[in-house]
Amino acid sequence: VAPLPPLGEPAFIMDGKIEDMPIIDMEMAASQVDQDMEFLRELIQDFMEEFNSKKESSTELVKRMAKDKKAVKEVQSRAHAVKGSALNIALRRVAALSLKLESQAKVYVSEDKCPSDEEAKAMGDVWDSLCNEATKVQEQYDAMIKEKEKEED
């Protein structure tokens, strides 16, 4: 029996291995926007712009977690925000990794402590994976734009 996801989390986030999930679940994403693919492209573009605008400062926060409780709390908050945005447009891998990072940070926030150096490194690895998956979203988004341009020609 698989464990239940945290209360309020869609079950698909916890479903299987991250690498087996679609980068963008197009069927789910399309249904989220009533099949308005232009609007979906805009939402993905907005997500990527927001993610990229905070990527560098978030990376710095992740690096400080072993020594800075405020950094851990901010990482939790940012991971939560990324998860919510990713869920809105069915970026399943990004959502799953964000949930993982958020859940890890939440433990330390609730205990009012910093992770050990080793635990912080493991959380940093999750952040790095999340960034890699966001890059794949960007690549898939770019391919969607090229496809649309071909259709318009």
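To be clear, the structure that these remarks concern was listed above.
These remarks concern the structure in this document.

Basis of the calculations
- Residues numbered from 1 in each chain as written.
- Predicted model: local features only at pLDDT ≥ 70, side-chain atom pairs only at ≥ 80, totals over all residues.
- Heavy atoms only, no water.
- Helix = DSSP H or I, 4+ residues; strand = E, 2+ residues; numbered from the N terminus.
- Buried < 20%, exposed > 50% of the residue type's maximum accessible area, 1.4 Å probe, protein only.
- Contact = heavy atoms within 4.5 Å.
- Areas by Shrake-Rupley, 256 points an atom, 1.4 Å probe, with all protein chains shown as cover.
- Salt bridge = Lys/Arg side-chain N within 4 Å of Asp/Glu carboxyl O.
- Axes fitted to C-alpha atoms, helices over the stretch in contact; angles between N-to-C directions.
- Parallel < 35°, antiparallel > 145°, perpendicular 65-115°, else oblique.
- Left-handed = near helix turned anticlockwise from the far one by under 90°.

Within the chain one finds five helices and zero strands. In the chain, buried positions account for 38% of the 153 residues. For the chain, contacts bridging at least 24 residues in sequence account for 71% of all contacts bridging at least 6. When the accessible surface of the chain is summed, it comes to about 9,100 Å², and 50% of that surface belongs to carbon and sulfur atoms.

Further remarks concern the pattern of salt bridges. Tallied over the full model, the rule gives 13 salt bridges. Its salt-bridge partner being Lys83, residue Glu102 comes within 2.8 Å of it at the nearest N-O pair. Here Lys83 lies in helix H3 (residues 69–88) and Glu102 lies in helix H4 (residues 92–111), a separation of 19 residues in the sequence. Lys83 carries the same exposure label as Glu102, and that label is buried. Across the pair Lys136 and Glu133 runs a salt bridge whose closest N-O atoms are separated by 3.2 Å. Taken together, the positions of Lys136 and Glu133, both in helix H5 (residues 117–152) and three residues apart, correspond to about one turn of that helix. Here Glu133 falls in the buried class, since its relative accessible area comes to 10%. Residues joined by salt bridges that share partners form a network here, namely Arg93, Glu133 and Lys136.

What follows deals with the packing of helix H2 (residues 37–64) against H5. A packed helix pair is summarised by two numbers, namely the angle formed by the two axes and the spacing between the axes. Relative to each other, H2 and H5 sit at 155 degrees, their axes nearing to 10 Å. Here H2 is positioned roughly antiparallel relative to H5, judged by the angle of their axes. Here H2 and H5 pass one another in a crossing that is left-handed. Residues Glu38, Arg41, Ile44, Gln45, Met48, Phe51, Asn52, Lys55, Ser58, Thr59 and Val62 of H2 form the contact with H5, whose participating residues are Gly124, Trp127, Leu130, Cys131, Ala134, Thr135, Val137, Gln138, Tyr141, Met144, Ile145 and Lys148.

Honestly, that's just the spatial picture; any functional story needs more than this.
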